[in-house]
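Chain by chain, the residues run as shown.
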Amino acid sequence: MNINQASLQMHYDLNGKIEVVSRKKIETREDLSLAYTPGVAEPCRVIAKDYQQSFKLTRRSNLVAVITDGTAVLGLGDIGPAAGMPVMEGKCALFKEFADVDAFPLCIDSKDTDTIVQTIHLISKSFGGINLEDIAAPRCFEIERRLKELCDIPVFHDDQHGTAIVVAGAPFNPLKGSPVINGAGAAGIAIGKHLINMGFGNVILCDINGIICEGDEGLNPGQEEISHISNLDHEHGTLADALKNADAFIGVSRPGLVTKEMVASMNKGIVFAMANPTPEIMPDEALAGGAAVVGTGRSDFPNQINNVLVFPGVFKGALSVRAREITESMKQRASYAIAGMVSDEELTEDNIIPSPLNKAVADVVAKAVADVAVEEGIARI
């Protein structure tokens, strides 16, 4: 039985990966009176007078909504909200397992930006944070931007920022690296912005048409925005052209787009081929082409680049100080925190980033994020 068949059987057996568990046993009349009527009226009155008490008197202080419209689910594309539910459940299970953060999956049956924004805003008072997931670009950019303006709790699109944070958590040299990113969707654009904000060298983004350059026609708003701060030499050409003398390749695109010869044309650097389930180039081919270090999104190869190193800790930290938002500085500090989890003594070609199963990472990232929130004055406790 392969992994897909085994997973399908597990899902049939479990009939769902998460459940709601009561934190209060209801065994006596007094239990009932305290948890429900008539006693529950008192916390309701307190919250009605002071909205902030809702974070102290309900579970929302540790509750994240994991929300999708099902338009960009894993490598499956637009499969719809119901089909995206197993992924959202899995994300919720990871929140609980790695950070003891409660999370609830919500799948919205709409592709209309206004409807999605309004729906999430209207339910946001039930949660302490919003994790957007698997929403297609470029709509995802506007949805996140508008929700950050409307909501008084952190809104975080993990496909963008989680991927960016974990990529930057690998030991690049921010003063010298010149990375090429292939795939100019939500993840690729966010990675590019994050690396530029962290002081990396000349970042170049490529899409299906080749190198993205300022002034190109047909760019979507996200690509247009990043074109002004990337590709500083205004290069044109194909992905193969971009990789000549590049220090790093970061792939968030499609299988088989990079050849051994293209890797050989790079400086001996890092290849992160993260297309799933089949990367842009297989690790053995990348190494044969001269790559010094290779990472993928898969668990069956070394150096797995996995967002589970990011989102549990980021939300745990933000929730712990009741931060209003997740800022650029918090993202940068999270990247440094992840990078710091691998000591110089532990650093090898096959061990450049913590294991996704290392549960200590979430606490380290959480502390880094919480500290920045306090420093920036956006913590509310």
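Residues numbered from 1 in each chain as written. Predicted model: local features only at pLDDT ≥ 70, side-chain atom pairs only at ≥ 80, totals over all residues. Heavy atoms only, no water.

1. Some remarks on the overall build of the protein
Move 1: Along the protein, the regular secondary structure elements total 16 helices and 10 strands.
Move 2: Over its C-alpha atoms the protein spans a radius of gyration of 22 Å, differing by no more than 12% from the 21 Å that the globule rule assigns to 381 residues.
Move 3: Here the C-alpha coordinates of the protein stretch approximately 75 × 50 × 45 Å along the principal axes.
Move 4: Burial analysis of the protein (381 residues in total) assigns 48% to the buried set.
Move 5: A separation threshold of at least 6 residues defines the contact pool for the protein, and within that pool the share at least 24 residues apart is 66%.
Move 6: Carbon and sulfur atoms make up 53% of the accessible area of the protein, which amounts to about 18,100 Å² in all.
Move 7: Across the protein, the 33 positively charged side chains and the 50 negatively charged ones have centroids separated by 9 Å. (Helix = DSSP H or I, 4+ residues; strand = E, 2+ residues; numbered from the N terminus. Rg over C-alpha atoms; globule rule 2.2 N^0.38 Å. Buried < 20%, exposed > 50% of the residue type's maximum accessible area, 1.4 Å probe, protein only. Contact = heavy atoms within 4.5 Å. Areas by Shrake-Rupley, 256 points an atom, 1.4 Å probe, with all protein chains shown as cover. Lys, Arg positive; Asp, Glu negative; His and termini not counted. Charge placed at Lys NZ, Arg CZ, Asp CG, Glu CD.)

2. As for the environment of I270
Move 1: Note on placement: I270 falls in strand β9 (residues 270–273).
Move 2: When the C-alpha positions of I270 and T296 are compared, they lie 11 Å apart, and in sequence the two are 26 residues distant.

3. Remarks on the sheet that holds strand β3 (residues 129–132)
Sheets are built from strands paired through backbone hydrogen bonds, the pairs being either parallel or antiparallel.
Move 1: Ordered by their spatial adjacency, four strands build an open sheet running β2-β1-β3-β4, and the pairing between neighbours is parallel. In this open sheet, the two strands that pair with only one neighbour each are β2 (102–107) and β4 (155–157). Averaged over all neighbouring strand pairs, the angle between strand axes comes to 25°, with direction disregarded.
Move 2: By the bridge criterion, six bridges tie strand β1 (residues 63–68) to β2 in an arrangement that is parallel. Bridge pairing in β2 places L63 opposite D102.
Move 3: Sitting on the sheet, helix α5 (residues 81–99) is in contact with β1, β2 and β3, with an inclination near 170° to β2. (Pairing = 2+ DSSP bridges. Axes fitted to C-alpha atoms, helices over the stretch in contact; angles between N-to-C directions.)

4. Some points on the packing of α5 against helix α14 (residues 311–320)
Move 1: Where α5 meets α14, the axes come as close as 9 Å, and the angle between the chain directions of the two elements is 65°. Overall, the two elements α5 and α14 adopt an arrangement that is roughly perpendicular. As α5 packs across α14, the resulting crossing turns out to be right-handed. For the pair α5 and α14, contact is made by K91, L94, F95, F98 and A99 and by F311, P312, F315 and K316, respectively.
Move 2: Each residue belonging to the contact of α5 with α14 can be placed in one class, and the counts come to seven nonpolar, no polar and two charged. (Parallel < 35°, antiparallel > 145°, perpendicular 65-115°, else oblique. Left-handed = near helix turned anticlockwise from the far one by under 90°. Nonpolar A, V, L, I, M, F, W, Y, C, P; charged D, E, K, R; others polar.)

5. Notes on empty space enclosed by the protein
Move 1: For the coordinates displayed, the defined rule picks out two cavities of 30 Å³ or more.
Move 2: Size it by volume and the largest cavity reaches roughly 50 Å³.
Move 3: Every residue lining the largest cavity is listed: F55, R60, S61, G128, P154, A318, L319, R322, A323 and R380.
Move 4: Its residues placed into classes, the lining of the largest cavity shows five nonpolar, two polar and three charged.
Move 5: Roughly 40 Å³ of internal volume is contained in the second largest cavity.
Move 6: Lining of the second largest cavity is provided by F98, V308, L309, P312, P356, N358, K359, V361 and A362.
Move 7: Grouping the amino acids of the lining of the second largest cavity by side-chain chemistry returns seven nonpolar, one polar and one charged. (1 Å grid on protein atoms, 1.4 Å probe; cavity = no way out; pocket = protein on both sides within 12 Å on 5 of 7 lines; lining within 4 Å. Points joined across faces, edges and corners; volume = space filled by probe spheres on them.)

6. As for unusual backbone geometry
Move 1: Residue T37 is joined to P38 through a cis peptide bond whose omega torsion reads 10°.
Move 2: Looking at the element boundaries, P38 is found in the loop between α2 (29–35) and α3 (41–49).
Move 3: Note that the residue after A137, namely P138, is joined by a cis bond; omega there is 5°.
Move 4: Mapped onto the secondary structure, P138 falls in the loop between β3 and α7 (139–150).

That's the geometry; what it means functionally is another story.
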